[in-house]
Amino acid sequence: MNRQPMFTPQQLLSFVAVCETASFTRAADRVHLSQSTVSQQVRRLEEMIGKPLLERTSHQVALTEEGEKLLGYARRIIALNGEAHDVLSDKWRDGVLRLGVPEDFAAPTAGLLAEFSREHPQLRLDVMSGMYVDLHRAWQREELDIMLIKQPGGERPLASRPEPLLWLDSAAHPCFEQTPVPLVVFPQLGLYREEMSQTLDSLGRSWRISYSSSSLVALASASAAGLGLTLLPASCRLPEHRVLGEADGLPTINHFELALFCRAPQDDLQQALAAALVTFCQLQWQ
């Protein structure tokens, strides 16, 4: 088995420094080595690859096509090296917590997460925000430690609260009376989309998709502007909306919930953050 030569971290650090400063002299100052040593390390990289990485003139240093390719890999390798050191050393002894939250809760939970981070300065929070289907898939792949998600009643969460939904139409440019009814919805498999289509089917109303977006803010704005009827959490209601309900022939939708899940086994930090999120959700509901 042929063994390929390995790039050393110092070679890559010198190479990146030359690329970012466009100078062997400035690069040498950055990495605290002599200019000749930096030149030797870059030359060694070129010998290992068998292609020039830099175009050198008396006035400047420029990347070749191969050098541009290596630069991206070099930065990633250096970053991974630093991350591995941080994770395995005492510097980040509290580790990482991976949290998933709905898009519309990313901003409201920022203050809570900032306070939690101040209490645990060595903790890194990896936060994923997105649609129900994306969060649920990440949870199934065990890529999240804690998940706050909107869902139809089903799986038993650690804690939950009702998620009131409203049928929203434009007050200035109503759409519900149109045939077919234009709908403003999430992409396929998005939350509330099937609920809307099944409800209109049961009412014998024809419908069409007029606007689709994965952004909750975009859906609220689109429906308020008159692009179509939508079904969204009550918190998304805008002044430009009119709310439809039983008087309009549309049923109350009350079987969705905001649910919190925490993966076992739970360590102290997981439990503390989960408890803070439970309190946050209760306060939001009151």
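Calculation criteria
The residue numbers shown here count from 1 along each chain, following its written sequence. Residues qualify for local features only when their pLDDT is at least 70, as the model is predicted, and side-chain atom pairs are given and counted only at 80 or more; totals for whole chains, interfaces and linings, by contrast, use all residues. Values reported for side chains reflect all heavy atoms of the structure, with hydrogen atoms and water molecules removed beforehand. Throughout, an axis means a line fitted to C-alpha atoms (over the contacting stretch in the case of helices), and angles, computed between N-to-C directions, take values from 0 to 180 degrees. Only runs of H or I of at least four residues qualify as helices and only runs of E of at least two qualify as strands under DSSP, and these elements are numbered from the N terminus. Angle categories are assigned with fixed cut-offs, so that under 35 degrees is roughly parallel, over 145 is roughly antiparallel, 65 to 115 is roughly perpendicular, and the rest are oblique. Here is the rule for handedness: rotate from the far helix to the near one, and if that takes an anticlockwise turn smaller than a right angle the crossing is left-handed, while a clockwise turn gives right-handed. Residues are treated as being in contact if the distance between any of their heavy atoms lies within 4.5 Å. Residue polarity follows a fixed list, in which Ala, Val, Leu, Ile, Met, Phe, Trp, Tyr, Cys and Pro are nonpolar, Asp, Glu, Lys and Arg are charged, and the others, Gly among them, are polar. Whether two aromatic rings pair depends on their centres lying within 6.5 Å, for rings of Phe, Tyr and Trp, where Trp uses its six-membered ring; planes under 30 degrees apart make the pair stacked, over 60 edge-to-face, and the rest tilted. In this scheme, a residue with accessible area under 20% of its type's maximum is buried, one over 50% is exposed, and one in between is partly exposed, where area comes from a 1.4 Å probe on protein chains only. Whether a charge lies above a ring is judged from NZ of Lys or CZ of Arg, which has to be within 6 Å of the ring centre and within 35 degrees of the ring normal. Each salt bridge in this description consists of a side-chain nitrogen of Lys or Arg and a carboxyl oxygen of Asp or Glu lying within 4 Å of one another.

Novice: Help me understand the packing of helix α1 (residues 9-21) against helix α2 (residues 24-31) in this model?
Specialist: Relative orientation and spacing of two packed helices are given, respectively, by the angle between their axes and the distance between those axes. Look at α1 against α2: their axes get within 8 Å of each other, and the N-to-C directions meet at 130°. Classified by the interaxial angle, the pair formed by α1 and α2 is oblique. You can see that α1 and α2 cross each other, and the crossing is right-handed. In this structure, α1 uses Q10, L13, S14, A17, V18, E20 and T21 to contact α2, whose residues at the interface are F24, R26, A27, R30 and V31. Each residue belonging to the contact of α1 with α2 can be placed in one class, and the counts come to 6 nonpolar, 3 polar and 3 charged.

Novice: Help me understand the packing of aromatic side chains in this model?
Specialist: Given two aromatic rings, their pairing is described by the distance between the two centres and the angle made by the two planes. Scanning all chains against the criterion turns up 4 aromatic pairs. Pairing Y192 with F256 gives two aromatic rings, centres 5.2 Å apart and planes at 75°, and the pair type is edge-to-face. In this pair, Y192 is assigned in the loop between β8 (181-185) and α8 (193-202) and F256 in strand β12 (residues 256-262), connecting sequence segments 64 residues apart. You'll find Y192 and F256 in the same group, each marked buried. Grouping aromatic residues by their ring pairs yields a cluster made of F186, Y192 and F256. Here the basic side chain of R205 rests over the ring of F176, its NZ or CZ set 4.7 Å away from the ring centre.

Novice: Teacher, can you tell me more about helix α9 (residues 216-225) here?
Specialist: Think of an α-helix as 3.6 residues a turn; residues three or four steps apart then line up on the same face. Taken together, the buried positions of α9 are occupied by L216, L219, A220, A222, S223 and A224. In the stretch just after α9, G226 is the one whose phi turns positive, near 105°.

Novice: So what exactly am I meant to see when it comes to the pattern of salt bridges here?
Specialist: Two side chains that carry opposite charge are able to pair once their charged atoms sit near each other. Applying the stated rule across the entire model yields 14 salt bridges. The closest approach of N and O atoms between R56 and E46, which form a salt bridge, is 3.2 Å. Taken together, the positions of R56 in strand β1 (residues 54-56) and E46 in helix α3 (residues 35-49) put the pair 10 residues apart, joining distant regions of the chain. The class for R56 is partly exposed, based on a relative accessible area of 42%. For E46, a relative accessible area of 12% puts it in the buried group.

No statement about biological role is implied by the geometric values presented.
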